[in-house]
Amino acid sequence: MAAMTPTPAPTASDAADTAPGSGAAPAGATARTRAPRRRPRPRVWRGAVLLLAGAYFLVPLLASFVFTVHVPGQGIDFEAYTELLAADGFTESMLLSLGLAAATIATSLLLAVPALVAVRLGSPRLRPVVEVMCMLPLVVPPIALVTGITTVLRWGPEHLSRTPLYQTFLAVQDERFPVVLVLAYTVLALPFVYRSLDAGLRAVDVPTLVEAARSCGASWPYVVLRVLLPNLRASLAGAAFLTLALVLGEFTIASLLGFRPFAVWIVTISGAHARMSVAVSILSLLITWLLLLLLSRAGTNPATVSSAPRTSPTSRKES
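Residues numbered from 1 in each chain as written. Predicted model: local features only at pLDDT ≥ 70, side-chain atom pairs only at ≥ 80, totals over all residues. Heavy atoms only, no water.

Caption draft 1: Geometry of the UniProt feature "transmembrane region" (unreviewed entry) in the protein chain. In the numbering used here, UniProt assigns the "transmembrane region" (unreviewed entry) feature to residues 44-67, 94-117, 129-156, 176-194, 236-257 and 277-295. Within residues 44-67, the helical portion is 100% and the strand portion 0%, while the C-alpha atoms at the span's ends are 33 Å from each other. End C-alpha to end C-alpha, residues 176-194 measures 30 Å, and it is 84% helix and 0% strand. (UniProt positions renumbered as here; feature names shortened; annotations may be inferred. Helix = DSSP H or I, 4+ residues; strand = E, 2+ residues; numbered from the N terminus.)

Caption draft 2: Highlighting the nonpolar core. Counting residues in each nonpolar core, the largest one holds 53 residues, and the members touching the most others are Leu109, Leu181, Leu197 and Leu257. Every element with two or more residues in this core is listed here: helix H5 (90-121), helix H6 (127-139), helix H7 (142-159), helix H9 (179-203), helix H10 (206-215), helix H11 (220-231), helix H12 (233-249) and helix H13 (252-257). The biggest single contributor to this core is H9, with eleven residues. Each residue touching leucine 197, except ones within four places of it in the same chain, is listed here: Leu109, Ala112, Val113, Leu116, Ser235 and Leu236. The next biggest cluster of nonpolar side chains, apart from the first, holds ten residues, and it includes Leu84, Phe262, Ile266 and Ile269. (Core = buried A, V, L, I, M, F, W, Y, C linked by side-chain atoms within 4.5 Å. Buried < 20%, exposed > 50% of the residue type's maximum accessible area, 1.4 Å probe, protein only. Contact = heavy atoms within 4.5 Å.)

Caption draft 3: Summary view of the packing of aromatic side chains. Under the counting rule described, the total for this entry stands at four aromatic pairs. Following the ring pairs from residue to residue traces out a cluster consisting of Phe90, Phe262 and Trp265. (Phe/Tyr/Trp six-rings, centres within 6.5 Å; stacked < 30°, edge-to-face > 60°.)

Caption draft 4: Layout of the packing of H5 against H12. Between H5 and H12, the shortest axis-to-axis distance is 9 Å and the interhelical angle comes to 140 degrees. For the element pair H5 / H12, the angle class is oblique. You can see that H5 and H12 cross each other, and the crossing is right-handed. For the pair formed by H5 and H12, the contact residues are Ser97, Leu98, Leu100, Ala101, Thr104, Ile105, Leu109 and Val113 on the first element and Leu236, Ala239, Ala240, Thr243, Leu244, Val247 and Leu248 on the second. Across the contact of H5 with H12, the residue classes break down as twelve nonpolar, three polar and no charged. (Axes fitted to C-alpha atoms, helices over the stretch in contact; angles between N-to-C directions. Parallel < 35°, antiparallel > 145°, perpendicular 65-115°, else oblique. Left-handed = near helix turned anticlockwise from the far one by under 90°. Nonpolar A, V, L, I, M, F, W, Y, C, P; charged D, E, K, R; others polar.)

In structure tokens:
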């Protein structure tokens, strides 16, 4: 009779490994069935796209810079840049464009921010109407807008010469600071300002913030200036960003109305001083980029007010 060898009793770990439904598998099976790791895809396409985009923007700028500094038969010459500050009308036109841009930004935000906040809080059903009205300048061509403005400016002095409004029509056309350009640029910038502010208001719980601030005794000016605007800082910077770019590059309306901001001045000198006009265009791009970087930096600062409620250490201990 063969000798019976005792078999070892299964341990708890073995029973757990072999128990049905436990979800565990032997170590060998786990090693055999483990899926191989995927190698990270090379970022060649990403680098190629960035390289093409950089070449698309930088090659024309480099070609323009070479045109301004290279004189055939003479070599390298920076005369186009050294004589730029002394050019007739350069400083005046640049300061005029910057002043028009600042006034347009302020006017657009003063019109759009209270209107959109009021629609968001009191009359949400009017939002489609406000959106259509703000988008209308995209449908009307600038040449049609400036034709209407010219007609109104001619009609005013003829019919209002014996009223106090006659002086108003003359004041808005002052060449030192044409207010009529600010009004026209505000209309053109309204679609971009609306889109930027509407996106910011969608990301913020405006009714909750206003109700919390009002329940604490804050007045409406305090609610707008200290509660809503800090949370809309990025949207305000984006609206100012787009408005500044629009005003510095606008030519049609200012040219047809007879004013000379920076864009019109560049076109005016391009016939007699081609190299200088290209140099001014390059410098205007650099100035615009610098101002846009400053605006974007102002918009990325953290907001001072948050919509999330804060709990004090005492309340956390009590909970």
